[in-house]
4 protein chains.
Amino acid sequence: MQALIYHGPGQKKLEDRPRPVVQQPTDAVVRITLTTICGTDLHILKGDVPTCKPGTILGHEGVGVVDAVGPGVTTFKPGDRVLISCISACGRCEACRKGMTSHCSTGGWILGNSIDGTQAEYVRIPHADTSLHPIPAGADEEALVMLSDILPTGFECGVLNGKVQPGGTVAIVGAGPIGLAALLTAQLYSPAEIIMIDLDDKRLAVGKRFGASAVINSAGGQAAAEVMRLTGGRGVDTAIEAVGIPATFELCQEIVAAGGTIANVGVHGVKADLHLEKLWSHNITITTRLVDTVSTPMLLRTLQAGRIDAKQLITHRFKLADMLQAYETFGHAADTGALKVIIQA
Amino acid sequence: MQALIYHGPGQKKLEDRPRPVVQQPTDAVVRITLTTICGTDLHILKGDVPTCKPGTILGHEGVGVVDAVGPGVTTFKPGDRVLISCISACGRCEACRKGMTSHCSTGGWILGNSIDGTQAEYVRIPHADTSLHPIPAGADEEALVMLSDILPTGFECGVLNGKVQPGGTVAIVGAGPIGLAALLTAQLYSPAEIIMIDLDDKRLAVGKRFGASAVINSAGGQAAAEVMRLTGGRGVDTAIEAVGIPATFELCQEIVAAGGTIANVGVHGVKADLHLEKLWSHNITITTRLVDTVSTPMLLRTLQAGRIDAKQLITHRFKLADMLQAYETFGHAADTGALKVIIQA
Amino acid sequence: MQALIYHGPGQKKLEDRPRPVVQQPTDAVVRITLTTICGTDLHILKGDVPTCKPGTILGHEGVGVVDAVGPGVTTFKPGDRVLISCISACGRCEACRKGMTSHCSTGGWILGNSIDGTQAEYVRIPHADTSLHPIPAGADEEALVMLSDILPTGFECGVLNGKVQPGGTVAIVGAGPIGLAALLTAQLYSPAEIIMIDLDDKRLAVGKRFGASAVINSAGGQAAAEVMRLTGGRGVDTAIEAVGIPATFELCQEIVAAGGTIANVGVHGVKADLHLEKLWSHNITITTRLVDTVSTPMLLRTLQAGRIDAKQLITHRFKLADMLQAYETFGHAADTGALKVIIQA
Amino acid sequence: MQALIYHGPGQKKLEDRPRPVVQQPTDAVVRITLTTICGTDLHILKGDVPTCKPGTILGHEGVGVVDAVGPGVTTFKPGDRVLISCISACGRCEACRKGMTSHCSTGGWILGNSIDGTQAEYVRIPHADTSLHPIPAGADEEALVMLSDILPTGFECGVLNGKVQPGGTVAIVGAGPIGLAALLTAQLYSPAEIIMIDLDDKRLAVGKRFGASAVINSAGGQAAAEVMRLTGGRGVDTAIEAVGIPATFELCQEIVAAGGTIANVGVHGVKADLHLEKLWSHNITITTRLVDTVSTPMLLRTLQAGRIDAKQLITHRFKLADMLQAYETFGHAADTGALKVIIQA
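Keep in mind that what you see is a predicted model, and the values were worked out from it rather than measured.

1. Looking at the overall build of chain A
In terms of regular secondary structure, chain A is built from twelve helices and 16 strands. Against the compact-globule benchmark of 20 Å for 345 residues, chain A has a radius of gyration of 20 Å, which places it among compact chains. Viewed in the frame of its principal axes, chain A has a C-alpha envelope of about 60 × 40 × 40 Å. For chain A, the proportion of its 345 residues judged to be buried stands at 63%. Here the contacts in chain A between residues at least 6 apart in sequence split such that 70% fall between residues at least 24 apart. Working note: accessible area of chain A is about 11700 Å², and carbon and sulfur atoms make up 53% of it. Averaging the coordinates of the 29 positive side-chain charges in chain A and doing the same for the 33 negative ones gives two points 3 Å apart.

2. Description of helix α5 (residues 177–186) of chain C
Most of α5 of chain C sits inside the fold, with nine of its ten residues counted as buried. Taken together, the buried positions of α5 of chain C are occupied by P177, G179, L180, A181, A182, L183, L184, T185 and A186 of chain C.

3. Points about the relation of the copies chain A and chain B
Aligned on chain B, chain A shows an RMSD of 0.0 Å; the corresponding rotation is 180° and the shift along the axis is 0.0 Å. Here the symmetry operator amounts to a two-fold rotation axis.

4. Description of the packing of helix α1 (residues 39–46) of chain B against helix α11 (residues 323–331) of chain B
Residue and element names in this part refer to chain B. Close contact between α1 and α11 brings their axes to 11 Å; oriented N to C, the two are set at 100°. The pairing of α1 with α11 is recorded here as roughly perpendicular in orientation. Contacts between α1 and α11 involve G39, D41, L42 and L45 from the first element and Y327, F330 and G331 from the second. Partitioned by chemical class, the residues of the contact of α1 with α11 number four nonpolar, two polar and one charged.

5. Describing the relation of the copies chain D and chain B
If you rotate chain D by 180° and push it 0.0 Å along the axis, it lands on chain B with an RMSD of 0.0 Å. Of all interface residues in chain D, 100% are interface residues in chain B too; the two copies therefore contact each other through one and the same surface.

6. Focus on the packing of helix α4 (residues 150–160) of chain D against helix α10 (residues 296–304) of chain D
Residue and element names in this part refer to chain D. Interhelical geometry of α4 versus α10 gives an angle of 110° and a closest axis separation of 10 Å. Classified by the interaxial angle, the pair formed by α4 and α10 is roughly perpendicular. Seen from above, α4 lies across α10 with right-handed handedness. Contact with α4, carried on its side by L151, P152 and F155, involves T296, M298, L299 and L303 of α10 and no other residues of that element. Class assignment for the residues of the contact of α4 with α10 results in six nonpolar, one polar and no charged.

7. Points about the interface of chain D and chain B
Across the contact, 14 residues belong to chain D and 14 residues belong to chain B. Taken over both partners, the interface formed by chain D and chain B buries close to 1300 Å², and the fraction arising from carbon and sulfur atoms is 50%. On the chain D side of the contact with chain B, P166, S190 and R307 of chain D bury the most area, a combined 37% of that side's loss. Here chain D is connected to chain B by eight residue pairs in polar contact (both at pLDDT 80 or more).

8. Remarks on the pairing of strand β16 (residues 340–344) of chain B
Residue and element names in this part refer to chain B. Most of β16 is tucked away, with four of its five residues classed as buried. Inspection of the sheet shows strand β3 (residues 28–36) paired to β16 by three bridges, in the antiparallel sense. When the bridges of β16 are listed, T36 appears paired with I342. Pairing between strand β15 (residues 314–319) and β16: five bridges, direction parallel. Bridging across to β16, I314 finds its partner in K340.

9. Section: the sheet that holds strand β10 (residues 214–217) of chain A
The twelve strands lie next to each other as β10(A)-β9(A)-β8(A)-β11(A)-β12(A)-β14(A)-β14(B)-β12(B)-β11(B)-β8(B)-β9(B)-β10(B), forming an open sheet whose pairing is mixed. Strands with a single pairing partner mark the edges of an open sheet, and in this sheet they are β10 of chain A together with β10 (214–217) of chain B. Neighbouring strand axes in the sheet, compared pairwise and without regard to direction, differ in orientation by 15° on average. Pairing between strand β8 (residues 169–173) of chain A and strand β9 (residues 193–198) of chain A: five bridges, direction parallel. In the sheet register, V173 of chain A faces β9 of chain A, and the bridge partner there is I197 of chain A. Those strands touched by helix α7 (residues 223–230) of chain A are β9, β10 and β11 (236–241) of chain A, and its axis lies near 160° from that of β10 of chain A. Sheet contacts for helix α8 (residues 246–255) of chain B: β8 (169–173), β9 (193–198), β11 (236–241), β12 (256–264) and β14 (285–287) of chain B; angle to β12 of chain B, the most-contacted strand, approximately 155°.

10. Quick look at the sheet that holds strand β8 (residues 169–173) of chain C
Across a sheet, paired strands are connected by hydrogen bonds in the backbone, their directions being either parallel or antiparallel. Strand order in the open sheet made by the twelve strands is β10(C)-β9(C)-β8(C)-β11(C)-β12(C)-β14(C)-β14(D)-β12(D)-β11(D)-β8(D)-β9(D)-β10(D), with mixed pairing throughout. Of all the strands in the sheet, the pair left with one neighbour each is β10 (214–217) of chain C together with β10 (214–217) of chain D. The sheet shows a mean angle of 15° between the axes of neighbouring strands, taken without regard to direction. By the bridge criterion, four bridges tie strand β9 (residues 193–198) of chain D to β10 of chain D in an arrangement that is parallel. By the bridge assignment for β10 of chain D, I197 of chain D is matched with I216 of chain D. The sheet strands contacting helix α5 (residues 177–186) of chain D are β8 (169–173), β9 and β11 (236–241) of chain D, and the helix crosses β9 of chain D at an angle near 175°. Against the sheet, helix α7 (residues 223–230) of chain D contacts β9, β10 and β11 of chain D, and its axis sits at roughly 160° relative to β10 of chain D.

11. So, the interface of chain A and chain B
Facing the 36 residues of chain A at the interface are 36 residues of chain B. Surface buried jointly by chain A and chain B totals about 3000 Å² across both partners, of which 57% is contributed by carbon and sulfur atoms. One can count four salt bridges joining chain A with chain B. Sheet topology places strand β14 (residues 285–287) of chain A next to β14 of chain B; three bridges connect them, and they run antiparallel. In the sheet register, T287 of chain A faces β14 of chain B, and the bridge partner there is T285 of chain B.

12. Comments concerning the side chain of E156 of chain C
Residues and elements named next belong to chain C. Along the chain, E156 falls in helix α4 (residues 150–160). For E156, the side chain forms a polar contact with the side chain of S295, separated by 2.8 Å. If near-sequence neighbours (up to four positions away) are discounted, E156 is found in contact with N161, R289, V291, D292, T293, V294 and S295.

13. Digging into the state of the cysteines
Tallying each qualifying case throughout the model produces zero disulfides over all chains. Note on C104 of chain B: no disulfide assigned, nearest cysteine sulfur contributed by C90 of chain B at a separation of 3.6 Å. The closest cysteine sulfur to the non-disulfide-bonded C86 of chain C is located on C38 of chain C, 7.8 Å from its own sulfur. When its relative accessible area of 3% is taken as the criterion, C86 of chain C is described as buried.

14. Observations concerning the side chain of R124 of chain A
Residues and elements named next belong to chain A. Along the chain, the position of R124 falls in strand β6 (residues 122–125). A distance of 2.8 Å separates a polar atom in the side chain of R124 from a polar atom in the side chain of D27. Not counting residues up to four positions away in its chain, the partners in contact with R124 are P20, V21, Q23, D27, A28, V29, L111 and I115.

15. A word on the packing of aromatic side chains
Here the structure, examined in full by the defined rule, presents six aromatic pairs over all chains. Here Y189 of chain A and Y189 of chain C contribute two aromatic rings whose centre-to-centre distance is 6.0 Å and whose plane-to-plane angle is 90°, an arrangement assigned as edge-to-face. Of the two residues, Y189 of chain A sits in the loop between α5 (177–186) and β9 while Y189 of chain C sits in the loop between α5 and β9 (193–198), which places them in two different chains. Under the relative-accessibility criterion, Y189 of chain A is labelled buried at 6%. Geometrically, the ring pair formed by F155 of chain B and Y189 of chain B is stacked, given 6.2 Å between the ring centres and 5° between the ring planes. A residue pair is termed long-range when its members are at least 10 positions apart, and F155 of chain B in helix α4 (residues 150–160) and Y189 of chain B in the loop between α5 (177–186) and β9 qualify at 34 residues. A single burial state applies to F155 of chain B and to Y189 of chain B, both of which are buried. Of the aromatic side chains, those joined through ring pairs into one cluster are F155 and Y189 of chain A together with F155 and Y189 of chain C.

16. Overview of the environment of G260 of chain C
You can see G260 of chain C is positioned in strand β12 (residues 256–264). Placed 22 residues apart in sequence, G260 of chain C and H282 of chain C show a C-alpha to C-alpha distance of 8.4 Å.

17. Quick word on the confidence of the model for chain A
Considering every residue of chain A, the mean pLDDT works out to 97; 100% of them sit at 70 or more. Predicted complex, confidence summary: ipTM 0.97, pTM 0.97.

18. Notes on the pattern of salt bridges
Where side chains of opposite charge bring their charged atoms close, a pairing between them can arise. Enumeration according to the criterion identifies 59 salt bridges over all chains in this entry. The partner of D140 of chain C in a salt bridge is K311 of chain C, with the nearest N and O atoms 2.9 Å apart. On the criterion of sequence distance, the pair formed by D140 of chain C in the loop between β7 (132–134) and α3 (141–145) and K311 of chain C in the loop between α10 (296–304) and β15 (314–319) is long-range, its members being 171 residues apart. A salt bridge links E226 of chain C to R229 of chain C; the nearest nitrogen and oxygen atoms lie 2.7 Å apart. Taken together, the residues span about one helical turn, with E226 of chain C and R229 of chain C both in helix α7 (residues 223–230) at a distance of three residues. We classify E226 of chain C as partly exposed; its relative accessible area is 26%. Taking the relative accessible area as the measure of exposure, R229 of chain C reaches 56% and is therefore exposed. It is possible to trace a salt-bridge network through shared partners that takes in E94 and K98 of chain A together with R234 and D237 of chain B.

Calculation notes
Residues numbered from 1 in each chain as written. Chains lettered and ligands numbered in written order. Predicted model: local features only at pLDDT ≥ 70, side-chain atom pairs only at ≥ 80, totals over all residues. Heavy atoms only, no water. Helix = DSSP H or I, 4+ residues; strand = E, 2+ residues; numbered from the N terminus. Rg over C-alpha atoms; globule rule 2.2 N^0.38 Å. Buried < 20%, exposed > 50% of the residue type's maximum accessible area, 1.4 Å probe, protein only. Contact = heavy atoms within 4.5 Å. Areas by Shrake-Rupley, 256 points an atom, 1.4 Å probe, with all protein chains shown as cover. Lys, Arg positive; Asp, Glu negative; His and termini not counted. Charge placed at Lys NZ, Arg CZ, Asp CG, Glu CD. Least-squares fit on C-alpha atoms with pLDDT ≥ 70 in both. Axes fitted to C-alpha atoms, helices over the stretch in contact; angles between N-to-C directions. Parallel < 35°, antiparallel > 145°, perpendicular 65-115°, else oblique. Nonpolar A, V, L, I, M, F, W, Y, C, P; charged D, E, K, R; others polar. Left-handed = near helix turned anticlockwise from the far one by under 90°. Buried area = accessible area lost by both parts, 1.4 Å probe. Polar contact = N/O pair within 3.5 Å; in protein donor to acceptor, adjacent residues only side chain to side chain. Pairing = 2+ DSSP bridges. Salt bridge = Lys/Arg side-chain N within 4 Å of Asp/Glu carboxyl O. Disulfide = S-S within 2.5 Å. Phe/Tyr/Trp six-rings, centres within 6.5 Å; stacked < 30°, edge-to-face > 60°. pLDDT = per-residue confidence, 0-100.

Right, dumping it as structure tokens:
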């Protein structure tokens, strides 16, 4: 089968590989119909993710059709249409029982990382019963690809952790795909204001279209002052960090109101300054989270009910055979305007 | 009346001052019977608290008897025995309605800071109806002095924010009075383990006596390794920072388990490093808080029911006339073993 | 001044009365600009509310302008435009400190009940600082009248107590004004389905227009079966009782899913059967609540942000001089289609 | 093997039966070392549980040693010492993912009910990975038998659902084994007062010994008045119903404070009156729950830490061969003083 292989920093190839097979009683093999590329795949290609070894098939998102199951799988059978979660969860360990499946003792984020992933014609899914979701009849499968990772990440790490509430004020720092996913899902809680902050006016225009009540280009260094102006000097109840660098995390510290929350979504490579000399008395909360995808069934119902239009995130479509071009488009988002690209396998 | 006056960094005197009077309709004047000294008073004397101007009477803790009330006070009348909260709360502003009285728009921590405090024979209490608590008949008033600040601070900033739960594991970094207050109140939730960490073996011995299940002297630089050993490599569910320096805050980052909480109680003078390059994916929560004293009525019931022995914190007793000696004793705690000192006014 | 007076069961008159004056330091007198009639006023007129004595001015909703304040009032001054809360709250007693202002020891629902109310040119408001809300510049004051009682009641007693969540399923039994207020505010949480149930097709049509995803006329006795059909046999996560009779409360018991919540909003005159022989093992929650109006500031922000269109509830407008006609219209809602009527004072 | 068989209402026998075998890939067979009898077993013997057919082996509690596992079991292997949960949970269905394992679509309370149970030498455990718990080295296995059902039931249905909090007031109606389990676990949250109510002075004496702050014999019909006297007219924050008849459920309605919670634990055979004509405005919560046993790992840590002395509940010990005598003793608790009886298999 065709598969996109990571060959070390800066190197990837579309190659022929043998089809995966069931290895454990709880495994399923899924034939991929649609997959996509994530910003994390670009991180791997930069060499930032040492758990991903050269030779690994990339990708942790997608939908498909069950091809085979092990004897311990009871929920799915060949032919079932399924949504693949980016998090593999055994459902049995202490972390899974707490709902913190991202820290499953034999799972977590392993697909396209420590084991082969979804940017291929077939993928082996460990712990299939608790890592796949049945696709309802009539669902739009392109929209569902957004439920593998990006929507639950924006929702769990940004919106839930950030305690977005009706009538509240929210700032989202970073208007890339993940910040926009936070923007879409934040609206499920009807905050009074959602301010998007980014350096790129084109992405801010997308934010405005997706429902932001205000947008701020932070290029001029006036973002914090502008947020204070928009909030009558209070700051925001929720600041969502969706970039992953010290500067944006520090901006969140400047704009969070007393009693508010900074919800970190970004993947950070270096430490940041925490201004405890100011914040120790500000009654704030800071959260970090690797997505658990425990909200996927809820988000699926929300999509089906028409409360979120997830397809807005899709800007380009490719065949698996054109995977390198898809990476090119996604990797130069500033020029191409790419948010999420759909790959037909 | 006699009062302890701050005269700028390093300078304090016991002087004669005029008795305070009711200034606003919602004020009360309270005759102090017992007061105490807080670590924050030492911070002021170091010059670390610019809102406290030379000439201010220090002190924000105490019990006493109502002497006079303004026409807007409905809950208290002269002769009532009252507990003074370190936080003055109007009960009307947005912050107070949320229960975040520490950020009251006309109150917060003002006693012995921006207005005259309790280390005197009399004190004026603004917003008296919502800043004093009636003392139940038969209560031990020395124990109640611990409810003005130290017990609610340990409880709200450490235990509640730290989400201490039955069966959980807790580490408290810092075995000074505030760390010990967190230790006493953490036991209200019956965690399975409470580990105290400090540099001073005498304070650790007190921690053991107050209910810690294990103690660690961090002098050797092995505290994090020892916590990991005691928790089977998991780390703790709750790490309470009760010192206020970067090193102890960073220790908390090393020992918090995935899914756990770092509850900051310490007063910090400088920023700290936040290791987001590790913690971004660890599903942790960090909280800061200036005490709101909203838990005082509950803690009062708990004391009355005998569930906390607050008097254990009291090590020395002085007359108001010997206030300078009381400061001497409290300020040299490493030698004197002082935790809380009671001052009879 | 003109005022609508309750003269015992079935009797009311528009009469001339002296203007109210400040009686307590914490009182304000407000000149009413807009008021309305509540279903509870009809209950009083039936003789169902013994705390309301003949001779009382009715009404507990409205907006106006502050005319005079007592010396203990610090938040408002004459000339301020204010929203009147149906609940008077001292902000000092144990209940108020918990946020359960409906059970304030010297307040609660007293306006137009145990003291004179708002269906008059002027009204005295006790505990003014904590019972009035400032009106933002530019606000639509007709819409704000909906915030005195009906929107916070639907939201707090129905939506918040009912734990409405994104992706959840909700049934609202009763499509009168209060059920419709629950419907409007439930949408702040983006549930997947909201099913309205009533006997009146006209009101159901309004429900559909206000955002219900399905409506059921319960006249045929098939409402429970129909809810089960719509929810794939699960029942609903949240059943909101907005009528106040045993039959509708029992219908909620039939349609609530395992793990779900029945949130009672209706005012009940008699006991109801609770089918514990079935429900003991169904992991359900039942809540009751007299509105606390603690959500009013949040709802006000939500209205200002355009997330709720409260004016949809207003069907008729009258002058205070035509108050009896307004009651006639509101009291015959089945014929007139009245939801909320606005009275200009 | 020996097993206690239900033969229809009023009839049970100790008989020889074939050993169970693994039927599904996710099954384990456990050799029982210790089991016990539950009040629910007596309900079955009265014919009150139609899902339990004649011929079924009774019992849903116990500890033992894994004898065999199916190919889908990954957490346990033969020889492992295990605690058996009374609830079988697949860990995969919608209910299990929510933590409401009592409503697992292929599990729930099935042991000793719809499938053979634990009052035997061996038992088959479906969904073994998510229905058994490993026993820590050195644990007291008799104490652990209390974790199969009675302690999690008292804790989850009574204490957690009842929102017992530090400083709160609790009444437990019914001082049988389950009421006492609620009493033991309520103390994990350090309420200020725990009032036990029962008709039997001997059980009340046990309650006093187990930590109740007050006891009331309700025989004289003055229980509600006495609770009101003890709580200064407020009523209790938490009323736990641990009997299962209308009279005790109605007593809970009389004694719950405004804002309080009635947590039903009792198994009810008939409906009860709910006095909504009084309670609609009292801001109360009523909960029901079949235990989910999701708290078992936490309770296990709590026991291991010495925070609960579960063995206090054990009053008698028998061999499996004397099972009928054990039932006799347990069934006549009023005479024998039996709480929990340990059966050695």
